[in-house]
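Examination of the molecular architecture
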Amino acid sequence: MRLVAWQPDDLLRRLDDVVGVYGEAMGYRQELLQTRRGYIGAHVRRAGFRAVATLTTDGRLAGFGYGYTSGPGQWWHDQVRSALDDRDRRRWLADCFEVVELHVRPVAQGHGVGARQLRALLAMAEGETVLLSTPEADERKSRAWRLYRRFGFSDVLRDFLFPGDERKFAILGRGLPLVERPAEEAPGIVGI
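The structure reproduced in this document is the subject of the present report.

1. Digging into helix H5 (residues 86–93)
Along H5, the positions that sit buried rather than exposed are Asp-88, Trp-92 and Leu-93. Taken end-on, H5 shows its buried residues confined to a sector of 90 degrees, consistent with a single buried face. Exposed residues lying more than 90 degrees from the buried face of H5 are Arg-87 and Arg-90. Those residues of H5 that are buried are in contact with helix H4 (75–83), strand S4 (96–104), strand S5 (129–135), strand S6 (154–161) and strand S7 (168–175). In this structure Asp-85 caps H5, since a side-chain oxygen of it lies 3.2 Å from the backbone nitrogen of Arg-87.

2. Section: the environment of Met-26
Within the secondary structure, Met-26 sits in helix H2 (residues 15–26). Look at Met-26 and you get partly exposed, because its relative accessible area is 27%. Here the alpha-carbon distance between Met-26 and Arg-105, two residues 79 residues apart in the chain, equals 9.3 Å. Each residue touching Met-26, except ones within four places of it in the same chain, is listed here: His-103, Pro-135 and Arg-167.

3. Points about the nonpolar core
Within soluble globular proteins, side chains that are nonpolar generally end up buried alongside one another. Counting residues in each nonpolar core, the largest one holds 20 residues, and the members touching the most others are Trp-6, Leu-11, Leu-61 and Tyr-66. Looking at this core, the elements with two or more residues in it are strand S1 (2–6), H2, helix H3 (30–43), strand S2 (50–55) and strand S3 (61–69). By residue number, the principal contributor to this core is H2, which donates 5 residues. Excluding anything up to four places from it in sequence, Leu-61 contacts Trp-6, Arg-14, Asp-17, Val-18, Val-21, Ala-53, Thr-54, Leu-55 and Arg-105.

4. Section: unusual backbone geometry
Look at the link from Leu-176 to Pro-177: it is a cis peptide, with omega at 5 degrees. Positionally, Pro-177 belongs in the segment after S7. With phi around 55 degrees, Asp-159 is a residue other than glycine that occupies positive phi space. The residue Asp-159 is located in strand S6 in this model. The exposure class of Asp-159 is partly exposed, given its relative accessible area of 47%.

5. Brief notes about the packing of aromatic side chains
In this structure the tally under the stated criterion is 6 aromatic pairs. Taking 6.4 Å as the distance between ring centres and 20 degrees as the angle between the ring planes, the aromatic pair formed by Phe-64 and Tyr-66 counts as stacked. Ring geometry for Trp-75 and Phe-162: centres 5.5 Å apart, planes at 35 degrees, overall tilted. With Trp-75 in helix H4 and Phe-162 in the loop between S6 and S7, this pair connects stretches of sequence that are 87 residues apart. Judged by its relative accessible area of 46%, Trp-75 falls in the partly exposed class. Judged by its relative accessible area of 6%, Phe-162 is buried. Among the aromatic side chains, those forming a connected cluster through ring pairs are Trp-75, Phe-160, Phe-162 and Phe-169.

6. Quick look at helix H6 (residues 113–124)
Relative to the 16 Å expected for 12 residues at 1.5 Å per residue, H6 spans 17 Å between its end C-alpha atoms, a close match to the ideal helical length. Burial analysis of H6 places 9 of its 12 residues in the buried class, which makes it a mostly covered element.

7. What about the packing of H6 against helix H7 (residues 143–150)?
Two numbers describe how H6 lies on H7: the axes approach to 11 Å, and their chain directions differ by 40 degrees. By the angle between their axes, H6 is oblique relative to H7. The element H6 and its partner H7 pack so that their crossing is right-handed. Together, Gly-114, Ala-115 and Leu-118 of H6 and Leu-147, Tyr-148 and Arg-150 of H7 make up the contact between the two elements. In terms of residue class, the contact of H6 with H7 is made up of 4 nonpolar, 1 polar and 1 charged.

8. Let's talk about the side chain of His-103
Along the chain, His-103 falls in strand S4. Residue His-103 is classed as buried on the basis of its relative accessible area of 8%.

Analysis parameters
- Residues numbered from 1 in each chain as written.
- Predicted model: local features only at pLDDT ≥ 70, side-chain atom pairs only at ≥ 80, totals over all residues.
- Heavy atoms only, no water.
- Buried < 20%, exposed > 50% of the residue type's maximum accessible area, 1.4 Å probe, protein only.
- Helix = DSSP H or I, 4+ residues; strand = E, 2+ residues; numbered from the N terminus.
- Arc of directions from axis to C-beta.
- Contact = heavy atoms within 4.5 Å.
- Polar contact = N/O pair within 3.5 Å; in protein donor to acceptor, adjacent residues only side chain to side chain.
- Core = buried A, V, L, I, M, F, W, Y, C linked by side-chain atoms within 4.5 Å.
- Phe/Tyr/Trp six-rings, centres within 6.5 Å; stacked < 30°, edge-to-face > 60°.
- Expected span 1.5 Å × (residues − 1).
- Axes fitted to C-alpha atoms, helices over the stretch in contact; angles between N-to-C directions.
- Parallel < 35°, antiparallel > 145°, perpendicular 65-115°, else oblique.
- Left-handed = near helix turned anticlockwise from the far one by under 90°.
- Nonpolar A, V, L, I, M, F, W, Y, C, P; charged D, E, K, R; others polar.

Laid out in structure tokens, this is it:
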């Protein structure tokens, strides 16, 4: 497998594959996936857009991730902003890169694909902080949670409810730039 940086047009060309990976990784119904196509297509035009993809040797999409500069007027940003106090708004949202999506096909999970994608995405990110949301889960059992904790993400908000979704989410954040410990001190984290 190889990790590549994607430009907006690269992601749009592979939008069907992106939505397919998203659906497999999240277990979402087909009708919900069709609405996500529009959101994802619009996201590529946002300021600071960065994307990565993991391709198999035959060119199949094994995973992807993307984000952009978070700002007022964006739905996710405004939802999170409304739940933070003034001090945390200044700390987390003043100059923030938002990891919008980071997914790996279930058959490719557990092989470091997500870690490589997150590392590359954070290396390209601009801003002082990075935020993401993830469904609440048992941190010991959830691969996503273990990944985010390994990368130094801490709790910003817990048990957060987004309108239209009955699941509770955690908002996690960390400072930028990404500075990692040497590989011998950080098991499971390998270079790109």
